[in-house]
Each structure stands twice: as C-alpha cells, then as structure tokens.
Amino acid sequence: MPTVTFHKHGQTYQEEVQPRANLVVRAGIKAFPYPHLKYECGMGKCAKCATRVISGAEHLPPPNWKEKKQLGDRLEQGWRLTCQLWLEHDIELEQE
Ligand code: FES
C-alpha cells in the first residue's frame, strides 16, 4: 500500500492509502489528507490542489493536458495537480 507523506504549514501528516487512491477524492469523503489538503473542483480546472512532489515523482505518469494547462512552468519545479493523480507508490508532497 502506498504511504503518503504530506507537508503543509510546517506540519507533516502521513498515512497509508489503498493503491490507486486519489487524494482529492479521499478528502471529499473526509479521509486523509482531509482537512489539510486544499482543493476545489476535483477536475483539473482550478489548480487549487496543486502540490509539489518532494519524492516519488518517478513513479507518476507524465502530466496530462490539464496539468500542463494549469501549471505551466511549475511542472518543471515538480508541481502536479493532486486531483489528477492516482497513487500506486509511496509519495511525499508539499502544499503551500
Ligand atoms: S481540485 Fe481543481 S484542479 Fe485539482
């Protein structure tokens, strides 16, 4: 099971999730990383769920067109749209 490590405002939260978990879907049902994860549309349209991947990026698929459109240059700095990620491996994320 993937372990998700989530940093926000100087705090660190960590939990195992089911394979192919989507953190925005989980937050929507008030599961980890709720209430700490910021998000809104869940559809790749608002970029409110943007997080910087600290480790585990090598296991993620390439950014889709929604991420490219919303994140632009931030993609090169490791940012992804959390709502567009279905996690299969351990990952460490940071959200501002
Ligand atoms: S929640 Fe809106 S882009 Fe992810």
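Details of the structure are given in the entry above.
Residues numbered from 1 in each chain as written. Predicted model: local features only at pLDDT ≥ 70, side-chain atom pairs only at ≥ 80, totals over all residues.

Caption draft 1: Just the overall build of the protein, in detail. Along the backbone of the protein there are 2 helices and 5 strands. Scanning the protein from its N terminus toward the C terminus, one meets helices and strands in the order β-β-α-β-α-β-β. Against the globule reference of 12 Å for 96 residues, the protein gives a C-alpha radius of gyration of 12 Å, in line with a compact fold. The principal-axis extents of the C-alpha atoms in the protein amount to approximately 30 × 25 × 25 Å. Of all 96 residues assigned to the protein, the portion counted as buried reaches 24%. Of the contacts made within the protein by residues no fewer than 6 positions apart, 55% connect residues no fewer than 24 positions apart. (Helix = DSSP H or I, 4+ residues; strand = E, 2+ residues; numbered from the N terminus. Rg over C-alpha atoms; globule rule 2.2 N^0.38 Å. Buried ≥ 20, exposed ≤ 12 C-beta atoms within 10 Å, placed from the backbone. Contact = placed C-beta atoms within 7 Å.)

Caption draft 2: Spatial organisation of the pairing of strand β2 (residues 11-16). Here β2 lies mainly on the outside; 0 of its 6 residues are buried. Note that strand β1 (residues 3-8) and β2 share 6 bridges and pair antiparallel. Along β2, the bridge assignment pairs K8 with Q11. (Pairing = 2+ DSSP bridges.)

Caption draft 3: Representation of the sheet that holds β2 in the model. Strand order in this open sheet of 5 strands is β2-β1-β5-β3-β4, and the pairing throughout is mixed. At either margin of the open sheet sits one strand with a lone partner, and together these are β2 and β4 (79-81). Taken pair by pair, the neighbouring strands of this sheet meet at an average axis angle of 35 degrees, ignoring direction. Sheet topology places strand β3 (residues 50-55) next to strand β5 (residues 91-95); 3 bridges connect them, and they run antiparallel. Pairing of S55 across the sheet is with E92, part of β5. (Axes fitted to C-alpha atoms, helices over the stretch in contact; angles between N-to-C directions.)

Caption draft 4: Quick peek at the environment of A21. Its place among the elements puts A21 in the loop between β2 and α1 (23-28). Along the backbone, A21 and L81 are 60 residues apart, and their C-alpha atoms lie at a distance of 14 Å. Those residues in contact with A21 that lie beyond four places of it in its chain are P2, R26 and L87.

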